[in-house]
Amino acid sequence: MSKIIKLQMKKIAVLGSNGQLGNCIRKIAPDYENSYEFIFTDSQTLDITDEDQVSSFFYDNKPDYCINASAYTAVDLAEKESDKAFAVNADGVGYLAQACVDYKSILIHISTDYVFDGDTNLPYSEDDFTSPTGIYGESKRKGEELALEINPKTIVLRTSWLYSEFNKNFVKTMLNLFSQKDELGIVADQFGQPTNANDLAEAIMDIIKTPNKTFGVFHFSNYPETSWFEFAKKIAEFSNASVQLNPLTTEQYPTPAKRPARSTMSLDKIEEIYRIEPKHWENSLEESVRILTQQ
């Protein structure tokens, strides 16, 4: 009589599940329900800055993968709240990395293009020197370092200009302003890559499904680069808004935290190693605007 061996589903813990990326992963989770068990937490149910809470969570759940989508993302406020930014973006990541080691979990940690200063005309590779211009970027860089130092089975995914149909983001802000204003000024001398959080969620699942993992730092975004001004123009076009947009310089729109002037990242590594082909940002944006304007 042959034995039936039941394979236990792999567990994926998604931390920060009420954020943009967490919501996008939650949205596609049913597509993977036959292969993976998802555990969704937010800052109310798991405070990653509390080492004991992190340890207890891993003891109770023993996830095979930990997707850390939790972060302190208030870029300007971070200049005043550096302790809070480092607690979430650095210390908390260190606790997660250690728990992943203790319970043999793979850590997928989400980072940012703000680890770069933006003073270049070339796309940044994963090996390029990091030099953040503000507290937010510094705290995220420290989180990267702790994750990679503590847990060898870590994948750091740097992304940029994240938007989706969830929470606050540039696209939703623009759509709201377009309905209120006849004219807007948008910064035109800062360049980067908009990223639909839905695409990032799918890329993470593609990485998880890959049998033989390569660990380390990877970049993922949509492509190619654009400016905030051109980004806003496309949002207006896709939403049929009649607003007049005027280009501004960074000097004309000062902020407490300095932004990278050009934080464009090379996507070659993730394409080559994980066979993930990022989408053109205009195509992903058009789909997102369609969803948002139908809500």
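Residues numbered from 1 in each chain as written. Predicted model: local features only at pLDDT ≥ 70, side-chain atom pairs only at ≥ 80, totals over all residues. Heavy atoms only, no water.

A.B. asks: Tell me what's going on with helix H7 (residues 228-238), and back it up with residues and numbers.
C.D. replies: Burial analysis of H7 places eight of its 11 residues in the buried class, the great majority of the element. Listed as buried for H7 are Trp228, Phe229, Phe231, Ala232, Lys234, Ile235, Ala236 and Phe238. Contact partners of the buried residues in H7: strand S6 (162-163), helix H5 (170-178), strand S7 (183-187), strand S11 (226-227), strand S12 (244-248) and helix H9 (281-294). Looking one or two residues beyond H7, the residue adopting positive phi is Asn240, at roughly 60°. (Buried < 20%, exposed > 50% of the residue type's maximum accessible area, 1.4 Å probe, protein only. Helix = DSSP H or I, 4+ residues; strand = E, 2+ residues; numbered from the N terminus. Contact = heavy atoms within 4.5 Å.)

A.B. asks: Tell me what's going on with helix H4 (residues 135-150), and back it up with residues and numbers.
C.D. replies: Across its 16 residues, H4 extends 22 Å between first and last C-alpha, which sits within 8% of the 22 Å expected from 1.5 Å per residue. When we look at burial in H4, the residues that qualify are Ile135, Tyr136, Gly137, Ser139, Lys140, Gly143, Glu144, Leu146 and Ala147. Residues of H4 that are buried sit in contact with helix H3 (82-102), strand S4 (106-112) and strand S5 (154-159). (Expected span 1.5 Å × (residues − 1).)

A.B. asks: So, a negative patch on the surface: which residues are in play, and what are the values?
C.D. replies: On the surface, Asp268, Glu271, Glu272 and Glu277 cluster together to form a negatively charged patch. Among the secondary structure elements, Glu277 is positioned in the loop between helix H8 (268-274) and H9. Taking relative accessible area as the criterion, Glu277 reaches 68% and is therefore assigned exposed. (Patch = residues over 30% accessible without salt bridge, like charges linked within 9 Å, V, L, I, M, F, W, Y side chains within 5 Å. Areas by Shrake-Rupley, 256 points an atom, 1.4 Å probe, with all protein chains shown as cover. Salt bridge = Lys/Arg side-chain N within 4 Å of Asp/Glu carboxyl O. Lys, Arg positive; Asp, Glu negative; His and termini not counted. Charge placed at Lys NZ, Arg CZ, Asp CG, Glu CD.)

A.B. asks: Residue-level account of the sheet that holds S5, with values.
C.D. replies: One open sheet accounts for six strands, arranged S2-S1-S3-S4-S5-S10; its pairing is parallel. Strand pairing shows two members of the sheet lacking a second neighbour, strand S2 (36-41) and strand S10 (216-219), which therefore form its edges. Put simply, the sheet's adjacent strands are angled 20° from each other on average, direction ignored. For strand S1 (residues 10-15) and S2, the ladder comprises six bridges, and the chain directions are parallel. Looking across to S2, one finds that Val14 is bridged to Phe40. Running at roughly 150° to S2, helix H1 (residues 20-28) makes contact with S1, S2, strand S3 (65-68) and S4 of the sheet. (Pairing = 2+ DSSP bridges. Axes fitted to C-alpha atoms, helices over the stretch in contact; angles between N-to-C directions.)

A.B. asks: Got a sec to walk through the pattern of salt bridges? Specific residues and values, please.
C.D. replies: According to the stated counting rule, one finds 11 salt bridges in the structure shown. Glu282 serves as the salt-bridge partner of Lys234, at 3.7 Å between the closest nitrogen and oxygen. Here Glu282 lies in helix H9 and Lys234 lies in helix H7, a separation of 48 residues in the sequence. In this structure Glu282 comes out as partly exposed when scored by relative accessible area, which is 24%. A salt bridge links Arg290 to Glu287; the nearest nitrogen and oxygen atoms lie 2.7 Å apart. Of the two residues, Arg290 and Glu287 are both situated in helix H9; the distance of three residues between them amounts to about one turn of the helix. According to the relative accessible area criterion, Arg290 is partly exposed, its value standing at 38%.

A.B. asks: Provide a residue-level description of the packing of aromatic side chains, including the pertinent values.
C.D. replies: Tallied over the entire structure, the rule returns 14 aromatic pairs. A ring pair is formed by Tyr114 and Tyr136, whose centres lie 5.6 Å apart and whose planes are at 75°; its orientation type is edge-to-face. In this pair, Tyr114 is assigned in the loop between S4 and H4 and Tyr136 in helix H4, connecting sequence segments 22 residues apart. By relative accessible area, Tyr114 is classed as buried at 13%. Between the aromatic rings of Tyr163 and Phe231, the centroid separation amounts to 5.8 Å while the plane-to-plane angle is 55°, which identifies the pairing as tilted. Here Phe231 lies in helix H7 and Tyr163 lies in strand S6, a separation of 68 residues in the sequence. Accessibility assignment for this pair places Tyr163 and Phe231 in one class, buried. By way of ring pairs, the aromatic residues Trp161, Tyr163, Phe170, Trp228, Phe231 and Trp281 are connected into one cluster. Directly above the ring of Phe218 sits Lys269, whose terminal nitrogen or CZ lies 4.5 Å from the centroid. (Phe/Tyr/Trp six-rings, centres within 6.5 Å; stacked < 30°, edge-to-face > 60°. Lys NZ or Arg CZ within 6 Å of the ring centre and 35° of its normal.)

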